[in-house]
Amino acid sequence: MSDAPTTEPCDGCGEPTTDALSRTVRLSVDRAKIDTQRLCPDCFADWIQRYQDRLGSGPDDSDSSEIIID
């Protein structure tokens, strides 16, 4: 067995990424696995930004409309 780090492609960009640098994103609903992605640091940062933007926890934008439920 080799001491070289394992490299597999990033699911985002396809570039080889070592295990030490890769991040795995797992999406589960009610304990059922929906999706798993292996991402390089840049694609992981992009994924986090999209997650924050879509869930509204990104930068505060006072001009955006809000959904209010009462």
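Keep in mind that what you see is a predicted model, and the values were worked out from it rather than measured. (Residues numbered from 1 in each chain as written. Predicted model: local features only at pLDDT ≥ 70, side-chain atom pairs only at ≥ 80, totals over all residues. Heavy atoms only, no water.)

1. Some points on a nonpolar patch on the surface
- Taken together, the side chains of Leu27, Val29 and Ile34 define a hydrophobic patch exposed on the protein surface, amounting to about 270 Å² of accessible area.
- With respect to the secondary-structure elements, Leu27 resides in strand β3 (residues 23–29).
- The exposure class of Leu27 is partly exposed, given its relative accessible area of 46%. (Patch = residues over 30% accessible without salt bridge, like charges linked within 9 Å, V, L, I, M, F, W, Y side chains within 5 Å. Areas by Shrake-Rupley, 256 points an atom, 1.4 Å probe, with all protein chains shown as cover. Salt bridge = Lys/Arg side-chain N within 4 Å of Asp/Glu carboxyl O. Helix = DSSP H or I, 4+ residues; strand = E, 2+ residues; numbered from the N terminus. Buried < 20%, exposed > 50% of the residue type's maximum accessible area, 1.4 Å probe, protein only.)

2. Focus: the pairing of strand β4 (residues 32–39)
- Here β3 runs beside β4; their pairing, made up of seven bridges, is antiparallel. Counted as the bridge partner of Val29 is Ala32 from β4.
- Between the end of β3 and the start of β4, which pair antiparallel, lie two residues, with Asp30 showing a positive phi angle near 50°. (Pairing = 2+ DSSP bridges.)

3. Looking at the confidence of the model for the chain
- Across the chain, the average pLDDT comes to 79, with 73% of residues at 70 or higher.
- Across the chain, β4 holds the top mean pLDDT of 90, while β3 sits lowest at 87. (pLDDT = per-residue confidence, 0-100.)

4. Regarding unusual backbone geometry
- Located in the positive-phi region is Asp30, a residue other than glycine, with phi close to 50°.
- By the element assignment, Asp30 lies in the loop between β3 and β4.
- Even without being a glycine, Arg31 presents a positive backbone phi close to 65°.
- Its place among the elements puts Arg31 in the loop between β3 and β4.

5. Some remarks on the pattern of salt bridges
- Evaluated as defined, the whole model comprises one salt bridge.
- The shortest N-O distance in the salt bridge between Asp19 and Arg38 comes to 3.0 Å. Taken together, the residues span a long stretch of sequence, with Asp19 in the loop between β2 (16–18) and β3 and Arg38 in strand β4 at a distance of 19 residues.
- Its relative accessible area of 40% is what places Asp19 among the partly exposed residues.

6. Quick look at the packing of aromatic side chains
- The tally for this structure, following the rule as stated, stands at two aromatic pairs.
- Aromatic side chains Phe44 and Trp47 sit 6.4 Å apart centroid to centroid with 10° between the ring planes, which places their arrangement in the stacked category. Placement of the pair is Phe44 and Trp47 together in helix α1 (residues 41–55), with a separation of three residues, close to one helical turn.
- Note on Trp47 and Tyr51: the rings are 5.4 Å apart at their centroids and 15° apart in plane angle, and the pair reads as stacked. Here the residue Trp47 and the residue Tyr51 both occupy positions in helix α1, the gap between them amounting to four residues, near one helical turn. (Phe/Tyr/Trp six-rings, centres within 6.5 Å; stacked < 30°, edge-to-face > 60°.)

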